[in-house]
Amino acid sequence: MLRLEGARVLCPATGVDDLLDVVLDGARIEGLYPPGAGPAGEALDCAGLVIAPAFVDLACQLCDPGFPWREDLHSGSRAGAAGGFATLVAAPATSPVVDRAAVVDHLVRRGAEAPGARVAVSGALTVGLLGLELAELGALADAGCCAFADGSRPVSDAGVLRRALEYARPFGLPVIVRPGEPALEQEGVMHEGVVSLSVGLRGLPEAAEEVGVTRVVALARATGARVHLSHVTTARAVAVIEGARREGVAVSAAVPARHLLLTDAAVAESAYDTRFRLMPPLRPERDRRALIEAVRSGVIDVVAPDHVPLGRVEKEIEFQYAEPGAVGLESAFAATLTALDGDLALTVRRLSLGPAAVLGQLARVAPGARADLVLIDPGAEGPCPAPRWSRGCNEPLQGRTLRGRVVRTLVGGVDRFPR
Amino acid sequence: MTEGNRGRVKDMLGLRGLSREQLTRILDTAANFRQVNERRIKKVPTLRGRTVVTAFFENSTRTRLSFELAAKRLSADTLSFSASTSSTAKGETLLDTARNLDAMRPDAVIVRHPASGAPHLLARHFPWTVINAGDGINEHPTQALLDMLTMRDHLGDLEGRTVAIVGDVLHSRVARSNIFGLQTLGAKVEVAGPGTMCPPALAELGVTVRHRIDEVVERADVIMMLRIQRERLGKAMMSTTQEYAALYGLDEARLRRARPEVLVMHPGPINRGVEISPEVADGPNSVILEQVSNGLALRMALMYLLLGDEGGSDAAA
């Protein structure tokens, strides 16, 4: 028995928000007790901290196997735990791609040894993530995948996407897609607008995301599949999702945490700093405000770290040649809390409850629940550091003042916070 | 321009953000340098012992010749590097290439590169002066400066003047630098071209967007035609070269609707019969070759201001 003493327990699922002791029995929560009232045992002083359900990332680029200079299961898992994440769903865009059961087996086995956050596996929706032929979704599900996903390039053939959603539905797993239209994204390296015009970079029209969301929503409605949109970054896409939700279409949506803080102006202000080369790109202020509003209203139910670690060889080059992406696991919590003006309950809803629900799980601090817990110092404030545990070098929030800090992460009752 | 140590202006990366005073100082200095090019001995000792490298990662003849001659006339040692004869084809990164240049201790590197922002990357990493000789679709500041110098010769102060830029404004670094520089000097810029090349969003840069060339020709003090190369454009950017010439080409019939003293400019190389007819290119309103000779004086002036001892601290500021 381990007793976490003196913390404020914040469990949006049950409505608990009080000073309580949390008693753990192995991997599970034994019970919540008024301060000092619980069973005796080893105690951990958590005074001044908040205990909440640990965070979940549904689309994490762990780059393993295939890209060890970017990340691997070991480093990514530790970065996740450092950021308060107990569960990372590894994205299938690895080499080889996670499009057959043997690769899932390998990842499940190696993931079990991960030192930090738990590693779950998502399987590729199409063979090689090429968007042409269906992968063996049944075999992937049997091997232990918790979701199906596409790659960084959206399935552009609506016919293939329709069949993939139909085929995936009976397996009962969510399908994670990044909404986009490759034909419109082609040469764009940043949001198309006054900033791209001014700095002379090829723009990516916001219509690309709107077209993608519209296509996915229509097909989700037609097929009845459970679809999660992994990257929603424009006000127009939010409006499409809002309409679909009103009609009861089973679609959930995530926004990258950094898109709640940064705008495309950063590309100009930084004189082409490749840390701001992202996909989807940073958007103008009006979109940023709309995204925060959508996170508050619940149209966007997940805030994601959108962790895409990259090496120096991929970033210390010309802006338009640089790989898009940024690390996010270690900064997502503070970025979200800062963007939401310190609203901790909402932050926990979007980082824990929202993504857990996509996986069909209930994130809560309650008797009998798995002890996936994050201990937070909500009052901490300081500049966002460079990534410490991730191998990625690309943190666009570095140096920005952020609120809140993760102090410990318990994964199945074990403190996995890296030291 | 970015500032180096001691507040000295170190680089010329673009005209975006430069002040009217900075632009005027460069143009005034260039006007003074012109007389050097009229002498029998066309050389001054200003940059003796200094090393200027031209690093061109994209084909160019005239811009490179202009920079090299400008450096030589200032007595600098010049070295030229081009991507086709270098190791970049073997996959060396820009920064690694630049580290090799750096080992030769240059004082200035003139960069042309197909990627927007490449000169900015170099300026951030190295102590030497970087002069942007054209980066991707971003800026070509020395071209715009020589254009403005040519306009000033004929029109005097550019405040209140109207400059029409016709063609693929969206993807033109010449147009972008001119838009920034001309507006800073108080000129009004109107652009015209197909909807794909002159999208309405360009208005956010402060210009007036038109789609019919006749609308801009009539009131312009200057008409600047941009080069069109269908084969270098993206998919579905235009229909045929013939239709482009019919809709946006500048020929004598169109020019007759313009002010009699209108200046016709082109950054070159020109496509005779496409964006400009031979009669107009060679006609009395054309100042295309004046642009070339002004380019030399302008580049001398810029290197003098950025590198010369007399320039120093706030020479270009």
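Because the structure is predicted, anything quoted here is derived from the model rather than measured.

**Digging into the interface of chain A and chain B**
Piece 1. Facing 19 residues of chain A, the contacting portion of chain B comprises 24 residues.
Piece 2. When the two sides are added together, the surface that chain A and chain B hide from each other amounts to roughly 1,700 Å², 56% of it contributed by carbon and sulfur.
Piece 3. In this structure, the connection of chain A to chain B is made through zero salt bridges.
Piece 4. In this structure, the connection of chain A to chain B is made through nine residue pairs in polar contact (both at pLDDT 80 or more).
Piece 5. With four residues, the single largest contributor to the side of chain A that touches chain B is helix α6 (residues 194-199) of chain A.
Piece 6. For the side of chain A that touches chain B, a count of residues per class yields ten nonpolar, five polar and four charged.

**Focus on the sheet that holds strand β13 (residues 227-229) of chain A**
Residues and elements named next belong to chain A.
Piece 1. Taken in spatial order, the eight strands of this open sheet run β6-β7-β8-β9-β10-β13-β14-β15, and their pairing is parallel. Of all strands in the sheet, those with a lone pairing partner are β6 (55-60) and β15 (302-304), marking the two edges. Here the average twist between neighbouring strands, direction ignored, is 30°.
Piece 2. Relative to β15, strand β14 (residues 251-256) runs parallel, the two being bridged by three bridges. Looking across to β15, one finds that Val255 is bridged to Val303.
Piece 3. Helix α1 (residues 73-82) rests against β7 (85-90) and β8 (118-124) of the sheet, and its axis sits at about 140° to β7.

**Re unusual backbone geometry**
Piece 1. Residues Asp64 of chain A and Pro65 of chain A are joined by a peptide bond in cis, for which omega reads 5°.
Piece 2. Tracing the sequence through the fold places Pro65 of chain A in the loop between β6 and α1.
Piece 3. Between Ser95 of chain A and the following residue, Pro96 of chain A, the backbone shows a cis peptide bond with an omega angle of 5°.
Piece 4. Inspection of the secondary structure assignment puts Pro96 of chain A in the loop between β7 and α2 (101-111).
Piece 5. A positive phi angle, near 55°, is found at Asp341 of chain A, a position not held by glycine.
Piece 6. Examined against the element boundaries, Asp341 of chain A turns out to sit in the loop between α12 (332-339) and α13 (344-358).
Piece 7. In this model, Ala236 of chain B sits at a positive phi of 60°, which is unusual for a non-glycine residue.
Piece 8. You can see Ala236 of chain B is positioned in the loop between β8 (222-225) and α8 (241-248).

**Some words on the layout of surface pockets**
One simple way to see leftover space: roll a probe sized like a water molecule over the atoms.
Residues and elements named next belong to chain A.
Piece 1. In this structure, the second largest pocket encloses a volume near 550 Å³.
Piece 2. Ala82, Glu330, Pro385, Arg405 and Val406 are, among the 29 residues lining the second largest pocket, the residues nearest its centre.
Piece 3. Elements with a minimum of two residues in the lining of the second largest pocket: α12, β16 (373-383) and β17 (401-411).

**Observations regarding the pairing of strand β2 (residues 77-82) of chain B**
All names here are of chain B.
Piece 1. In this sheet, β2 lies alongside strand β1 (residues 51-56) in parallel orientation, the contact comprising six bridges. What sits directly across from Val52, in β2, is Thr78.
Piece 2. Handedness of the β-α-β unit built from β1, helix α2 (residues 62-73) and β2 comes out right-handed.

**Notes on the environment of Arg100 of chain A**
All names here are of chain A.
Piece 1. Mapping Arg100 onto the fold places it in the loop between β7 and α2.
Piece 2. Here the alpha-carbon distance between Arg100 and Ala143, two residues 43 residues apart in the chain, equals 8.9 Å.
Piece 3. At a separation of 3.2 Å, a polar atom in the side chain of Arg100 contacts the side chain of Asp99.

**Quick look at the side chain of Glu68 of chain B**
Piece 1. Tracing the chain through its elements places Glu68 of chain B in helix α2.
Piece 2. Residues in contact with Glu68 of chain B, not counting those within four places in the same chain, are Thr54, Thr78 and Ser80 of chain B.

**A word on empty space enclosed by the protein**
Residue and element names in this part refer to chain A.
Piece 1. Scanning the entire structure with this criterion turns up five cavities of 30 Å³ or more.
Piece 2. Roughly 70 Å³ of volume is contained in the largest cavity.
Piece 3. What lines the largest cavity is simply Asp57, Leu58, Ala59, His228, Ser230, His231, Ala254, Val302, Ala304 and Asp306.
Piece 4. At three residues, β6 tops the list of elements feeding residues into the lining of the largest cavity.
Piece 5. In terms of residue class, the lining of the largest cavity is made up of five nonpolar, three polar and two charged.
Piece 6. Within this model, the second largest cavity holds a volume of roughly 60 Å³.
Piece 7. Lining of the second largest cavity is provided by Asp150, Pro154, Val155, Leu161, Val177, Arg178, Pro179, Gly180, Gly212, Arg215 and Val216.
Piece 8. No other element matches helix α7 (residues 207-223), which puts three residues into the lining of the second largest cavity.
Piece 9. When grouped by side-chain class, the residues that make up the lining of the second largest cavity number six nonpolar, two polar and three charged.

**As for the packing of helix α3 (residues 94-102) of chain B against helix α4 (residues 118-125) of chain B**
Residue and element names in this part refer to chain B.
Piece 1. Interhelical geometry of α3 versus α4 gives an angle of 50° and a closest axis separation of 11 Å. When the axis of α3 is compared with that of α4, the two are oblique. The two elements α3 and α4 cross, and the hand of that crossing is right-handed. Contacts between α3 and α4 involve Leu94, Leu95 and Ala98 from the former and Ala118, Leu121, Leu122 and His125 from the latter.
Piece 2. Taken together, the residues of the contact of α3 with α4 break down into six nonpolar, one polar and no charged.

**Digging into the domain arrangement of chain B**
Residues and elements named next belong to chain B.
Piece 1. Domain assignment breaks chain B into domain 1 (2-138 + 293-307) and domain 2 (141-288).
Piece 2. Computed from C-alpha coordinates alone, the two centres of domain 1 and domain 2 are separated by 26 Å.
Piece 3. Taken together, the contact between domain 1 and domain 2 spans 33 residues of the former and 26 residues of the latter.
Piece 4. Regarding the contact of domain 1 and domain 2, the summed buried area is about 2,400 Å², with carbon and sulfur atoms giving 61% of it.
Piece 5. Summed over the three residues of domain 1 that lose the most area to domain 2, namely Leu15, Arg20 and Leu27, the buried surface amounts to 28% of that side.
Piece 6. At the boundary of domain 1 with domain 2, the tally comes to four salt bridges.
Piece 7. Put simply, Arg20 and Glu159 hold a salt bridge, and the shortest N to O gap is 2.7 Å.
Piece 8. Inspection of the domain 1/domain 2 interface yields ten residue pairs in polar contact (both at pLDDT 80 or more).
Piece 9. For the side of domain 1 that touches domain 2, the elements supplying multiple residues, two or more each, are α1 (20-33), α2, β3 (108-113), β4 (129-135) and α11 (288-307).

**A word on the packing of aromatic side chains**
Think of a pair of aromatic rings as described by two things: how far the centres are apart, and how the planes are tilted against each other in angle.
Residue and element names in this part refer to chain A.
Piece 1. On inspection of all chains with the given rule, the structure shows nine aromatic pairs over all chains.
Piece 2. For the ring pair Phe55 and Phe85, a centre distance of 5.5 Å and an interplane angle of 70° mean the geometry is edge-to-face. With Phe55 in strand β6 and Phe85 in strand β7, this residue pair connects regions lying 30 residues apart in the sequence.
Piece 3. The class for Phe55 is buried, based on a relative accessible area of 0%.
Piece 4. Both rings, one in Phe55 and one in Phe333, keep their centres 5.5 Å apart while their planes meet at 20°; by these two values the pair is stacked. Here the residue Phe55 occupies a position in strand β6, and Phe333 occupies one in helix α12, the gap between them amounting to 278 residues.
Piece 5. Judged by its relative accessible area of 3%, Phe333 is buried.
Piece 6. Among the aromatic residues, those joined into a ring-pair cluster are Phe55, Phe85 and Phe333.

Definitions and cut-offs
- Residues numbered from 1 in each chain as written.
- Chains lettered and ligands numbered in written order.
- Predicted model: local features only at pLDDT ≥ 70, side-chain atom pairs only at ≥ 80, totals over all residues.
- Heavy atoms only, no water.
- Contact = heavy atoms within 4.5 Å.
- Buried area = accessible area lost by both parts, 1.4 Å probe.
- Salt bridge = Lys/Arg side-chain N within 4 Å of Asp/Glu carboxyl O.
- Polar contact = N/O pair within 3.5 Å; in protein donor to acceptor, adjacent residues only side chain to side chain.
- Helix = DSSP H or I, 4+ residues; strand = E, 2+ residues; numbered from the N terminus.
- Nonpolar A, V, L, I, M, F, W, Y, C, P; charged D, E, K, R; others polar.
- Pairing = 2+ DSSP bridges.
- Axes fitted to C-alpha atoms, helices over the stretch in contact; angles between N-to-C directions.
- 1 Å grid on protein atoms, 1.4 Å probe; cavity = no way out; pocket = protein on both sides within 12 Å on 5 of 7 lines; lining within 4 Å.
- Points joined across faces, edges and corners; volume = space filled by probe spheres on them.
- Right-handed = clockwise from strand over helix to strand, strands pointing away.
- Parallel < 35°, antiparallel > 145°, perpendicular 65-115°, else oblique.
- Left-handed = near helix turned anticlockwise from the far one by under 90°.
- Domains from an automatic or database assignment.
- Phe/Tyr/Trp six-rings, centres within 6.5 Å; stacked < 30°, edge-to-face > 60°.
- Buried < 20%, exposed > 50% of the residue type's maximum accessible area, 1.4 Å probe, protein only.

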